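Below are the chains, spelled out letter by letter.
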Amino acid sequence: PRKDEIFKASSSILNSLLGILNERKFDNAGGQDECPIRCMVGASNELPDSDELDALFDRFLIRKEVNPVSDEGLFELLSMPQPGSSSCDTDMENMIPLVASHGGPNGKGDCDIIFSDGLDEVVKALSVKADRIKISQDVLHVIRDLRAFVKNELNVETSDRRLVKASRLLKITAASDGRG
């Protein structure tokens, strides 16, 4: 799921999101529904500025700050047929692309998406490979030193949860690359 302006959501929505991220469950009319998400993407024009939002912000392991369009890029942006749209956007009612696609490699569109019926098996196999990877003492020392650096020099606390998730991401990256 994608959530825009995530840090401006009401407290009930924020609590629901935390429940989904922590437990993969959604409280629905007195019961709990399974919510087997693999990824959550959020967007915001500003970073959280209160302690109550820190818990949610901490759950987003990978973060990307996007700067405003440069003066030079503004001309290109405003010259586009439909700024903010891509060749992947589709008018769902009429099933037509909103922006013409120029085609990608092999003559296919840039946005051809292939959903694999075997995705669960691929994810499980990758997870098993990642579980077998041991992080070296040298890397563990770098992670420890990095945590100390961001705390002492940048005044940024890194939660244990975040470090555990980051180490898991390192293992999955290594397994995806055939290492370990």
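Computed from a predicted model, the values in this text were never measured in an experiment.

**Student:** Just to check I follow, could you spell out the packing of helix 4 (residues 119–131) against helix 6 (residues 160–176) for this structure?
**Tutor:** Two quantities define a packed helix pair, namely the angle between the helix axes and the distance between the axes. Contact pair helix 4 / helix 6: the axes reach a minimum separation of 8 Å and the direction vectors enclose 110°. By the angle between their axes, helix 4 is roughly perpendicular relative to helix 6. Of the residues in helix 6, those touching helix 4 at Leu 126, Ser 127, Lys 129, Ala 130 and Asp 131 are Arg 168, Lys 171, Ile 172, Ala 175 and Ser 176. Here the residues of the contact of helix 4 with helix 6 sort into 4 nonpolar, 2 polar and 4 charged.

**Student:** I'm lost on the packing of helix 1 (residues 11–23) against helix 2 (residues 51–59) in this one. Help?
**Tutor:** Running from N to C, helix 1 and helix 2 point in directions that differ by 35°, and their axes come no closer than 10 Å. Crossing of helix 1 over helix 2 shows left-handed handedness. Contacts between helix 1 and helix 2 involve Leu 14, Leu 17, Leu 18, Leu 21 and Asn 22 on the former and, on the latter, Leu 53, Ala 55, Leu 56 and Arg 59. Residue classes in the contact of helix 1 with helix 2 are distributed as 7 nonpolar, 1 polar and 1 charged.

**Student:** Sorry if this is basic, but what is going on with the packing of aromatic side chains here?
**Tutor:** For any two aromatic rings, the description comes down to two numbers: the centre-to-centre distance and the angle of the planes. In the structure shown here, the tally under the stated rule is 1 aromatic pair. Seen in terms of ring centroids, Phe 7 and Phe 57 are 5.7 Å apart; in terms of plane orientation they differ by 70°. Their pairing is edge-to-face. One end of the pair, Phe 7, is in the loop between strand 1 (2–4) and helix 1; the other, Phe 57, is in helix 2, and 50 residues separate them in sequence. Assessed through its relative accessible area of 13%, Phe 7 is described here as buried. Lying across the ring of Phe 57, Arg 63 places its NZ or CZ 3.5 Å from the centre.

**Student:** Explain the nonpolar core here, please?
**Tutor:** The tendency in soluble globular proteins is for nonpolar side chains to be buried side by side. In this structure, Ile 6, Ile 37, Met 40 and Leu 56 are the most contacted members of the largest nonpolar core, which totals 14 residues. Residue assignment for this core shows that the elements contributing at least two residues are helix 1 and helix 2. Among the elements that take part in this core, helix 1 stands out by supplying 5 residues, more than any other.

**Student:** When you look at helix 1 in this model, what are you seeing that I'm missing?
**Tutor:** Along an α-helix, residues three or four apart share an orientation, since each turn contains 3.6 residues. Taking 1.5 Å per residue as the helical rise, helix 1 with its 13 residues ought to reach 18 Å, and the 18 Å between its terminal C-alpha atoms agrees with that figure. When we look at burial in helix 1, the residues that qualify are Leu 14, Leu 17, Leu 18, Gly 19, Ile 20 and Leu 21. At its buried positions, helix 1 is contacted by strand 2 (25–28) and helix 2. After helix 1 finishes, the residue Arg 24 shows a positive phi value of roughly 60°.

**Student:** I would appreciate a short explanation of a nonpolar patch on the surface in the present structure.
**Tutor:** Residues Leu 146, Phe 149, Leu 154 and Val 156 make up a contiguous nonpolar surface patch of about 380 Å² in total accessible area. Within the fold, Leu 154 resides in the loop between helix 5 (137–152) and helix 6.

**Student:** Please explain the pairing of strand 3 (residues 31–34) as it appears in this structure.
**Tutor:** Note on strand geometry: in a regular strand, side chains alternate between the two faces of the sheet. Across 4 bridges, strand 2 lies against strand 3 in antiparallel orientation. Across the sheet, Lys 25 pairs through a bridge with Glu 34, a residue of strand 3. Taking the residues that link successive antiparallel strands as the turn, the strand 2-strand 3 hairpin has 2 residues, and the phi of Ala 29 there is positive, at about 50°.

Rules used throughout
- Residues numbered from 1 in each chain as written.
- Predicted model: local features only at pLDDT ≥ 70, side-chain atom pairs only at ≥ 80, totals over all residues.
- Heavy atoms only, no water.
- Axes fitted to C-alpha atoms, helices over the stretch in contact; angles between N-to-C directions.
- Helix = DSSP H or I, 4+ residues; strand = E, 2+ residues; numbered from the N terminus.
- Parallel < 35°, antiparallel > 145°, perpendicular 65-115°, else oblique.
- Contact = heavy atoms within 4.5 Å.
- Nonpolar A, V, L, I, M, F, W, Y, C, P; charged D, E, K, R; others polar.
- Left-handed = near helix turned anticlockwise from the far one by under 90°.
- Phe/Tyr/Trp six-rings, centres within 6.5 Å; stacked < 30°, edge-to-face > 60°.
- Buried < 20%, exposed > 50% of the residue type's maximum accessible area, 1.4 Å probe, protein only.
- Lys NZ or Arg CZ within 6 Å of the ring centre and 35° of its normal.
- Core = buried A, V, L, I, M, F, W, Y, C linked by side-chain atoms within 4.5 Å.
- Expected span 1.5 Å × (residues − 1).
- Patch = residues over 30% accessible without salt bridge, like charges linked within 9 Å, V, L, I, M, F, W, Y side chains within 5 Å.
- Areas by Shrake-Rupley, 256 points an atom, 1.4 Å probe, with all protein chains shown as cover.
- Salt bridge = Lys/Arg side-chain N within 4 Å of Asp/Glu carboxyl O.
- Pairing = 2+ DSSP bridges.

Limitation: the analysis is restricted to geometry and does not speak to function.
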